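# Observations on the model geometry
What follows is the residue order along each chain.
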Amino acid sequence: MQFLQPPGWARPKGYSNGIVASGRMVFVAGQVGWDEQEQFRSDDLVAQVRQALSNIVAILASADARPTDIVRMNWYLADSVEYNARLPEIGAVYRELIGKHFPVMTALQVAGFVEKGAKVEIEVTAMLPA
């Protein structure tokens, strides 16, 4: 995996501008903050982020992949203001579960989710080394 940082560009905080990778691809569907029984245990954004990331780690493990194999991560948020206000807490949860690995990321505020009660949905693509 090669992280791309064009010369003279400011280094982004918490993500990478680009990645070149080769190998076996793993696609993880958008994960909301519910548990393995599809039950929301909290309506708190940070708790839902923790659960969604935990779900992603578990799915990756099913493919013998690790969080450090993630090359792309898309975040869909109910409220970007709340997300930005709680970014230090979210960052701490991210580092606890994913580590200091910062793939290519996109974060979008959306109008709503199919799953009633969701505040966040996160999808990833990982690349297992060849």
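To be clear, the structure that these remarks concern was listed above.
Starting afresh in each chain, residues are numbered from 1 along the sequence in its written order. Totals for whole chains, interfaces and linings use every residue, but because this is a predicted model, local features are given only for residues with pLDDT of at least 70 and side-chain atom pairs only at 80 or more, for both listing and counting. The side-chain quantities take in all heavy atoms of the structure and omit both hydrogens and water.

## Details of the overall build of the chain
Here is the rule we go by: A run of H or I in DSSP becomes a helix once it reaches four residues, and a run of E becomes a strand once it reaches two; helices and strands are each numbered from the N terminus. The buried label goes to any residue with under 20% of its type's maximum accessible area, the exposed label to any with over 50%, and the partly exposed label to all in between, with areas taken from a 1.4 Å probe on protein chains only. Residues count as neighbours in contact if any of their non-hydrogen atoms are within 4.5 Å of one another. Positive charges come from Lys and Arg alone, negative charges from Asp and Glu alone, with His and the N- and C-terminal ends not counted. To locate a charge, take atom NZ for lysine, CZ for arginine, CG for aspartate or CD for glutamate.
Scanning the chain from N- to C-terminus turns up three helices and six strands. Its C-alpha atoms give the chain principal-axis dimensions of about 40 × 35 × 25 Å. When each of the 130 residues of the chain is scored for burial, the buried share is 40%. Sequence separation of at least 24 residues holds for 77% of the intrachain contacts in the chain that already meet a minimum separation of 6. Taken together, the 12 basic and 14 acidic charged side chains of the chain have centroids lying 8 Å from each other.

## Topic: the nonpolar core
Put simply, the rule reads: Working definition of a nonpolar core: buried Ala, Val, Leu, Ile, Met, Phe, Trp, Tyr and Cys residues. They are joined through side-chain atoms within 4.5 Å.
One finds Val 49, Leu 53, Ile 56, Leu 60, Met 73, Trp 75 and Ile 122 to be the most contacted residues of the largest nonpolar core, which totals 26 residues. Contributing elements (two or more residues each) for this core: strand E3 (23-32), helix H1 (45-62), strand E4 (70-77), helix H3 (87-97) and strand E6 (120-129). Every residue in contact with Ile 56, bar those within four places of it in the chain, is listed here: Val 28, Gln 31, Ile 70, Ile 122 and Val 124.

## Regarding the side chain of Asn 74
One can find Asn 74 in strand E4. Exposure remark for Asn 74: the relative accessible area of 13% places this residue in the buried category.

## So, the pattern of salt bridges
Filter applied, for reference: Throughout this description, the term salt bridge denotes a Lys or Arg side-chain nitrogen within 4 Å of a carboxyl oxygen of Asp or Glu.
One pass over the structure, following the stated rule, counts five salt bridges. A salt bridge links Asp 35 to Arg 41; the shortest N-O distance between them is 2.8 Å. Of the charged contacts in the structure, one is a salt bridge between Glu 89 and Arg 86, with a shortest N-O distance of 2.9 Å. A relative accessible area of 17% means that Arg 86 is categorised as buried. Via salt bridges that share partners, Asp 44, Glu 82, Arg 86 and Glu 89 belong to a single interconnected network.

## Points about the sheet that holds E6
The following threshold applies: Only when DSSP finds a minimum of two bridges between them are two strands counted as paired. For helices, the fitted line uses only the C-alpha atoms of the stretch in contact; every axis is such a line through C-alpha atoms, and the angle between N-to-C directions lies from 0 to 180 degrees.
Spatial strand order, E3-E6-E4-E5: four strands in an open sheet with mixed pairing. In this open sheet, the two edge strands, each paired with only one partner strand, are E3 and strand E5 (104-109). Each adjacent strand pair in this sheet contributes to an overall mean axis angle of 10 degrees, direction not counted. Here E4 runs beside E6; their pairing, made up of seven bridges, is antiparallel. Residue pairing in the sheet places Asn 74 in a bridge with Glu 123 of E6.

## Observations regarding H1
This is how the line gets drawn: In this scheme, a helix's expected span is set at 1.5 Å multiplied by one less than its residue total. Here a polar contact is taken to be a pair of N or O atoms separated by no more than 3.5 Å, where protein atoms must pair a possible hydrogen donor with a possible acceptor and residues adjacent in sequence count only if both atoms sit in side chains.
Taking 1.5 Å as the rise per residue, H1 with 18 residues should run 26 Å; its terminal C-alpha atoms sit 26 Å apart, in good agreement. Of all the residues in H1, the buried ones are Leu 45, Val 46, Gln 48, Val 49, Ala 52, Leu 53, Asn 55, Ile 56 and Leu 60. On the buried face of H1, the contacting elements are E3, E4, helix H2 (80-85), H3 and E6. The residue sitting at the N-terminus of H1 and contributing the capping side-chain oxygen is Asp 44; that oxygen lies 3.1 Å from the backbone nitrogen of Val 46. Downstream of H1 by a residue or two, Asp 64 has a phi angle that is positive, lying close to 60 degrees.

The values reported here are purely geometric and, on their own, carry no functional implication.
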